[in-house]
Structure formats: structure tokens, C-alpha cells
Amino acid sequence: MLEKYAQEISEYLSSMMGRSIIITDTNGIIIGAPAKERLGEFHPPSVPCVKYKKMSFDDAEAAKKLGVWYPGSTVPLFYNGRVIGTAAIAGEPEVVLQFTMLVKNQIESMLREKILSPGMGSPQKKINELARDIGRFDPDGDDLALLTKRAARLGVNLEGPRGVIAIFFSNFRGLALEKNPVKLSYESFTDPISEEIDYSSTHSRVIELMREVFPDPQALIASVSRDRFAIICPYEHSDDERLMEEAEAAAERANDIHRKLKEASIETLIAIGRPARDIYELPMSYKNAWDVVKIADRLTLPPGVYSFRALLLEEMLLSVKPCFPLRFLDKKLEALRGDNDANELAETFKVYCESLFSKHLAAERLHLHRNTLSYRLRKIEERLGISMLDFRQLMACYMALHIKELGGPERR
């Protein structure tokens, strides 16, 4: 399949880069070159490049010994985890090194467009678009029949209860996957020469990995952006209690995804959204899952799997509209910044509230002596002008503090 596009890609990139870029097959035979008389020739540096799946560099002297025309670099080209050929760029290694990987990524990207899109990529693209449209769907104004028909053409029945799992690559931060040197192991790959998939194939491999964990053909597994994936999986029951049990089971499987991606150096924030009893609730479940991801990210929670149930309070606080009481409490909280102990006092107050106002529990969690905790609580009372015996005041200040941590209420 590389042979079909090699010459076209070689000519295009060579003219664009102003350098000779040749493409070979796995035997080192040139199948794409700006100088067409080179087609069919043997390119010696490509053989070890294919065998060891590593980039190689040859200066003028080394190139002469190998019997090649010019010094340069040679890189392996990957498709679905297997080396399908190489690309060689002419020039002194110290010069071409700076754009060798750029050329490699560009060739592999062009190949994916030409090879994947007509086949496997086309239905996946439709699944991606369907998932995004489910998230944008308005049950009150949009045509439900259109959405269900699109899903049916993909063999998916959207009727019935479903759950949404949102997966965010927290250590990619919007960067294109192709620019991150991530490798994923193939469990079923038997070639002893290579046990890893090149990072150019990461995107499709992630979907494959998720499909291994959620094999039900009725589960929609979609890439909704460069660093975000969604799984919209069917649930069997519609009553609340059983739905919660199924959501917990989905969280267990999501933990498998988190673990496998972590082994591949990809850190993830994974969120389990509120279950949807029917298609009308599905967009809200989708939004809820991504809200949980956003909250976990704002609170700088460690990578892992988070359920909507664990962050209910935070989601509720994010929906609070700016108002006078909130501004009033915000000014009160400024009093905690009187000295250099602002963070210390804020953390003490938060832990005390979350310990059910138990000095014993709070002191244990903060690793403090009870006298030290009592001293801090008195300072907090003085600065905030509240009593530690007034539950309503404590909760108002606690929630205002939490809203500040979340970055303020959503503007709606």
C-alpha cells in the first residue's frame, strides 16, 4: 500500500522542503524519489533502520562507505504498529536533524489520510462526529429521528439507558498526539523485532485499547478532539439503583483504561457521567462527564478515574451565579491573607469542615497537635468574624472558599 502513494508524497515533500526525500519499502528498495532514475535502486541504510526501528544518521564519509549518493538521515515509517518502509532525507545530519521527525510525521499523516480514510478511518470519523453531536443535541429543539438514523447506519441503537465516560489526556494539554513520543504496547503483536507501536499510530491504538476494555459493539468509542475521547456505552437497566451499579462497574473498567494508558506514559483524567435513562438524558450525561473532567482539572486532582457522585458539590458550586452574597463572602475570605499563613489557614479551615467539625479528626488529617489546630481555628474566627459553633456561617464560608478554588462560578 505504501508503493501506491510513495512517489507522489516524495515529490511533494521534496519540492516543499527543498531537499531530496526518498521513500523505500521494507527491503530498502527505493519506491519514491524526486529523481525518478533512482526508483528501484537499493538504499543500504534503510535495512538496519527497518530491522531496529530506529532513526540513523550518516555523514559524507559514512554515506560513501555505504555506497549512497548523499549524507543524511533515515527514519522508519509506521502503519498500524508495523514498519512499512523508510524515509531518507539528504543533508548533513546536524542540519537535517531539526526537521527529520517533522518529515516523518508528515509522511505518516499523509499515509493515514490516504490509506485509513477510505477504509477504517471513514466509519471512525462518523462515530467521532456522532459522539460530538450527541453532546450538542438539544432534546427540546433538535430532530431526534435524525440522530437515531445516523446511529442506526453505524449499527448502533441509541434507545435505552446509557452511560458516558470522558477521557482527557492531562499530560498532552491540547498538543497533537503525533508530536508526543508515546509508545503503546501491543498485547497481541507477535513480531519479536518490535513490541511497540510508533507514536504516529497512537490515536488509532488508543481507540483499539478502549475497544478491548469495552468490547460491546453497541458502545460508541470516539475521539472528540486531539486529547479527548468519549465512550458512550449501553446499560441494561433503567431503574436508579441498578443504573448506579452499572455506572460503578463502568468505573472499574475505566480504571483498566487508566492503568494501560499510564503504562504507555499517558496520564488521564477519566470521568464517569450521570447515567442516562434514555436518549433525551444522554446529552446531559455527556456534558456532566466533561464537567467532572473540568472540575478535576481545575482542582489539580491527580490522574485517575472520578465519578460524578464524588464531585457533586463541586459541580453544584460551579453552577452558582455571581451574586452579592458571594462577593460579600469573597471579601471576607480576603481576611485570611493577613499574614504569610494564608494557604495554611485556608487548608486548615477546609479540612476542619470536611472532618465534620471534629478537632480530633482534623488534627489527625493535618498531622497537627490539637493545641496547634485550636490556635489556627481561633485565628480563622478572628479574621473571618465567624464562630466555629455557627454551622450556617461555616458552610457559607466553606462553599465560597471552594468556589474560589474552582476558579469562580460559571458565567451563564
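Above this note sits the structure.
Computed from a prediction, not measured in an experiment: that's the story for all the values here.

Rules of the game
Residues numbered from 1 in each chain as written. Predicted model: local features only at pLDDT ≥ 70, side-chain atom pairs only at ≥ 80, totals over all residues. Heavy atoms only, no water. Helix = DSSP H or I, 4+ residues; strand = E, 2+ residues; numbered from the N terminus. Expected span 1.5 Å × (residues − 1). Buried < 20%, exposed > 50% of the residue type's maximum accessible area, 1.4 Å probe, protein only. Contact = heavy atoms within 4.5 Å. Axes fitted to C-alpha atoms, helices over the stretch in contact; angles between N-to-C directions. Parallel < 35°, antiparallel > 145°, perpendicular 65-115°, else oblique. Nonpolar A, V, L, I, M, F, W, Y, C, P; charged D, E, K, R; others polar. Pairing = 2+ DSSP bridges. Phe/Tyr/Trp six-rings, centres within 6.5 Å; stacked < 30°, edge-to-face > 60°. Lys NZ or Arg CZ within 6 Å of the ring centre and 35° of its normal. Arc of directions from axis to C-beta. Polar contact = N/O pair within 3.5 Å; in protein donor to acceptor, adjacent residues only side chain to side chain.

(A) Spatial organisation of helix α12 (residues 342-354). Taking 1.5 Å of rise per residue, the 13 residues of α12 would be expected to cover 18 Å, and the 18 Å separating its terminal C-alpha atoms lies within 8% of that figure. Among the residues of α12, those classed as buried are Ala342, Leu345, Ala346, Thr348, Phe349, Lys350, Val351, Tyr352 and Cys353. Along its buried surface, α12 packs onto α13 (359-366), α14 (370-384) and α15 (391-405). Leu356 sits one or two positions beyond α12 and adopts a positive phi of about 60 degrees.

(B) Highlighting the packing of α13 against α14. Closest axis-to-axis distance for the α13/α14 pair is 9 Å, and the angle between their directions is 105 degrees. In terms of orientation, α13 and α14 fall into the roughly perpendicular class. Residue-level contacts link Lys359, His360, Ala362, Ala363 and Leu366 of α13 to Arg370, Leu373, Ser374 and Leu377 of α14. Partitioning the contact of α13 with α14 into residue classes produces five nonpolar, two polar and two charged.

(C) The arrangement of the sheet that holds strand β4 (residues 72-79) in detail. The sheet built from five strands is open, its strands ordered β2-β1-β5-β4-β3 with antiparallel pairing. Taken across any chain shown, the strands that pair with only one partner, and hence form the sheet edges, are β2 (30-32) and β3 (56-58). Averaged over neighbouring strand pairs, the angle between their axes works out to 35 degrees when direction is ignored. Pairing of β4 with strand β5 (residues 82-90) involves eight bridges; the strand directions are antiparallel. By the bridge assignment for β5, Thr74 is matched with Ala88.

(D) The sheet that holds strand β10 (residues 228-234), seen in detail. A sheet is described by the order of its strands in space; here five strands give the open sequence β9-β10-β6-β11-β12, paired in mixed fashion. Both outer strands of the open sheet, β9 (220-225) and β12 (304-307), are each paired with one neighbouring strand and no more. Ignoring which end each strand starts from, the neighbouring axes of this sheet average 20 degrees apart. With five bridges connecting them, strand β6 (residues 162-169) and strand β11 (residues 268-272) associate as antiparallel partners. Within β11, the position partnered with Phe169 by the bridge is Thr268. Contacting β6, β10, β11 and β12, helix α8 (residues 240-263) runs over the sheet at an angle of about 170 degrees to β11. Sitting on the sheet, helix α9 (residues 282-298) touches β6, β9, β10, β11 and β12, and the angle it makes with β6 is about 30 degrees.

(E) Examining the side chain of Ser223 more closely. If you trace the backbone, Ser223 turns up in strand β9. Its relative accessible area of 6% is what places Ser223 among the buried residues. Excluding residues within four positions of it along the chain, Ser223 makes contact with Gln124, Asn128, Arg132, His203, Ile207, Arg228 and Phe229.

(F) Spatial organisation of the packing of aromatic side chains. Counted by the stated rule, this structure contains three aromatic pairs. A connected cluster of aromatic rings, assembled from ring pairs, spans Tyr352, Phe357 and Phe391. A cation sits over an aromatic face here: Arg228 above Phe168, 4.6 Å from the ring centre.

(G) Structural view of the pairing of β4. Across the eight residues that make up β4, a large majority, eight, are buried. Here β4 shows two buried faces, one formed by Gly72, Thr74, Pro76 and Phe78 and the other by Ser73, Val75, Leu77 and Tyr79. Note: β3 against β4, three bridges, orientation antiparallel. When the bridges of β4 are listed, Phe57 appears paired with Ser73. The antiparallel pairing of β4 with β5 creates a hairpin that spans two residues between the two strands, and Asn80 there sits at a positive phi of about 55 degrees.

(H) Representation of helix α6 (residues 144-153) in the model. Buried within α6 are the following residues: Leu144, Leu147, Thr148 and Ala151. Buried residues of α6, seen end-on, are gathered within an arc of 95 degrees and therefore sit on one face of the element. For α6, the exposed residues set more than 90 degrees away from the buried face come down to Leu146, Lys149 and Arg153. One side-chain oxygen at the N-terminal end of α6 lies 3.1 Å from the backbone nitrogen of Ala145; it belongs to Asp143.

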